[in-house]
Amino acid sequence: MISKWRNWFGGRRGGVFFLLLGIGIIGIFIALELRLPSAAQLQTVTGRVDWTYDSRGAMYFAARTTPQQFVVHVKGDADGRLRAALRSATRLYPVTVRFDPRQTNHPGFLPGDFHVAYGVSVGGKEVTSLDDVRASYRRDNLVALAMGLVFMLLGAQRLYIYRD
């Protein structure tokens, strides 16, 4: 049984598998990169933060003067500055949020829709921008690109070795 697995994994079928796996992972990288909005797609609202809710992977908050609710994902706030600024600004300072109205999240533990925040200013000072968020995501997405390339090269090498 093990020798049959080794033959599949180390042979031509394994090469096709690794090649397709690499192509699929690179496709995921492209999809993740295209999901980030451009600056022209973002809308801006200003208001005072009414409440915040921290979860393991995100911080949810709502502004009193806007009907939208927002979410800041951990990946978009790698150093935690934005979440700390929002906590300290609750009911004190005006907050300006830039978000894509087409992207919403629906957590099961909070009511309503939450828009992903791609830029936040607290009290007139910019805490994070779209470029900061994009850089945080890009660093992680490049891991997918590197893994995809490694698997593609491994698959191509095996197909070359086991060619007819």
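The shown structure was predicted, so the numbers you read here are calculated from the model rather than taken from an experiment.

Cut-offs applied
Residues numbered from 1 in each chain as written. Predicted model: local features only at pLDDT ≥ 70, side-chain atom pairs only at ≥ 80, totals over all residues. Heavy atoms only, no water. Buried < 20%, exposed > 50% of the residue type's maximum accessible area, 1.4 Å probe, protein only. Helix = DSSP H or I, 4+ residues; strand = E, 2+ residues; numbered from the N terminus. Arc of directions from axis to C-beta. Contact = heavy atoms within 4.5 Å. Core = buried A, V, L, I, M, F, W, Y, C linked by side-chain atoms within 4.5 Å. Phe/Tyr/Trp six-rings, centres within 6.5 Å; stacked < 30°, edge-to-face > 60°. Lys NZ or Arg CZ within 6 Å of the ring centre and 35° of its normal.

Caption draft 1: Quick peek at helix α3 (residues 81-89). Turning to α3, its buried residues number three or more, namely Leu82, Arg83, Ala85, Leu86 and Ala89. End-on view of α3: buried residues confined to an arc of 160°, all on one side of the axis. Elements that come into contact with the buried residues of α3 comprise β1 (43-54), β2 (58-63), β3 (69-73), β4 (94-105), β5 (114-122) and β6 (125-128). One or two steps after α3, the chain reaches arginine 91, where phi turns positive at roughly 65°.

Caption draft 2: Spatial organisation of the nonpolar core. With 17 residues, the main nonpolar core has Phe61, Leu86, Val95, Val97, Val120 and Val122 as its most contacted residues. Among the elements of the structure, β1, β2, β3, α3, β4 and β5 are those that each provide at least two residues to this core. Broken down by element, the residue count for this core peaks at four residues, all from α3. Each residue touching valine 97, except ones within four places of it in the same chain, is listed here: Gln43, Thr44, Val45, Phe61, Phe70, Ala117 and Gly119. Residues Ala58, Tyr60, Leu130 and Tyr137 belong to the second largest nonpolar core, which totals 12 residues.

Caption draft 3: Local environment of the packing of aromatic side chains. Scanning all chains against the criterion turns up eight aromatic pairs. Where phenylalanine 17 meets phenylalanine 18, the ring centres are 5.4 Å apart and the plane angle is 65°; that geometry is what we call edge-to-face. Judged by relative accessible area, which is 6%, phenylalanine 18 ranks as buried. The ring of tyrosine 160 has arginine 163 lying over it, and the distance from NZ or CZ to the ring centre is 4.1 Å.

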